[in-house]
Amino acid sequence: MRPIEEIVALSPVIPVVVLDAPQDAVPLAQALLAGGIGVIEITLRTPQALAAAAAIARSGLDIALGIGSVLDDRQLAAARDAGADFVVTPGTPPMLAQALAQARKADGLPALPGAATASEMLALRSLGFSHLKFFPAEPAGGAAYLKAMAGPLPDLRFCPTGGIDLAKAKSYLALPNVPCVGGSWLVPESAIRARDWASIAANAAETLAALR
Ligand code: 3PG
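Here's a quick rundown of the structure. Note that this is a predicted model, so its numbers are computed, not measured.

1. What to know about the sheet that holds strand β8 (residues 157–160)
Within the open sheet, the three strands sit side by side as β6-β7-β8. Their pairing is parallel. Each end of this open sheet is capped by a strand with a single partner; those strands are β6 (114–115) and β8. Two elements, β6 and strand β7 (residues 131–134), share two bridges in a ladder whose sense is parallel. By the bridge assignment, Gly-114 is partnered in β7 with Lys-133.

2. Observations concerning the pattern of salt bridges
Tallying each qualifying case throughout the model produces six salt bridges. The salt bridge involving Arg-2 is made with Asp-62; its shortest N-O contact spans 3.5 Å. Of this pair, Arg-2 sits in the segment before α1 (4–8) while Asp-62 is found in the loop between α3 (49–59) and β3 (64–68), placing the two residues 60 residues apart along the sequence. Between Lys-168 and Asp-165 there is a salt bridge, with the nearest N and O atoms lying 3.9 Å from each other.

3. Observations concerning the environment of Val-26
Summarising the element assignment, Val-26 is placed in helix α2 (residues 25–34). In sequence terms Val-26 and Ala-101 are 75 residues apart; their C-alpha atoms lie 30 Å from each other.

4. Brief notes about the state of the cysteines
Counted by the stated rule, this structure contains zero disulfides. Free cysteine Cys-180: the closest other cysteine sulfur is in Cys-159, separated by 3.6 Å.

5. Some words on the site of the ligand
Around the ligand, a shell composed of Arg-45, Lys-133, Phe-135, Thr-161, Gly-162, Gly-163, Gly-183 and Ser-184 is seen. Interatomic distance of 2.4 Å between a side-chain N/O atom of Arg-45 and an oxygen atom of the ligand. A distance of 2.5 Å is found between an oxygen atom of the ligand and a side-chain nitrogen or oxygen belonging to Ser-184. Coverage of the ligand by the protein amounts to 80% of the 310 Å² it exposes when considered alone. Here the ligand occupies the largest pocket. Residues belonging to the shell around the ligand are distributed by class as follows: one nonpolar, five polar and two charged.

Calculation rules
- Residues numbered from 1 in each chain as written.
- Predicted model: local features only at pLDDT ≥ 70, side-chain atom pairs only at ≥ 80, totals over all residues.
- Heavy atoms only, no water.
- Pairing = 2+ DSSP bridges.
- Helix = DSSP H or I, 4+ residues; strand = E, 2+ residues; numbered from the N terminus.
- Salt bridge = Lys/Arg side-chain N within 4 Å of Asp/Glu carboxyl O.
- Disulfide = S-S within 2.5 Å.
- Near = heavy atom within 4 Å.
- Polar contact = N/O pair within 3.5 Å; in protein donor to acceptor, adjacent residues only side chain to side chain.
- Areas by Shrake-Rupley, 256 points an atom, 1.4 Å probe, with all protein chains shown as cover.
- 1 Å grid on protein atoms, 1.4 Å probe; cavity = no way out; pocket = protein on both sides within 12 Å on 5 of 7 lines; lining within 4 Å.
- Sits in = over half its atoms within 2 Å of the grid points.
- Nonpolar A, V, L, I, M, F, W, Y, C, P; charged D, E, K, R; others polar.

In structure tokens form, the structure reads like this:
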């Protein structure tokens, strides 16, 4: 397993995707790779999400597979069994944080546990989590809020997600505590429905060029 430090360094943006059809998963991952993006987060928002994620895991493509909005230890186990390279939570109550810490210890499974307040961030830091998802980034205070956290919490790194677009991504990525952002804007559901893999690849390449 790649450690979380390597995963967040793969791309300045983690595409957060909603997939209805497992057969779309591999072409989508190939399109992102063709555009230069080597990481993806599949959200557990559709009945077929785990099957879609498992198809990417089985494909052998060199893409870091995240499974997101893991809400409890049952979903954590399912994500691990589907072949996740990392898991993401929107918020991280103590029992879920313990389950993530246990999965890290037992299986080496990296996580981006979600947090929105200094207290939540400190609780995760005390369990050894160095990289957190800041969610929901824009409604919770945006780049200015995260910049304020860099003073008292200089060793934590964040992947802000929620309400981010290309312009906002730039202001987050200018912060010392943000190696990458997450966002669904990069892979619109309409493009997936149309199976427009070429436009997804082009969009990924343009986004990378704009952010690097
Ligand atoms: C998530 O699940 O992480 C967010 O819903 C993605 O946020 P966005 O759709 O605002 O980019």
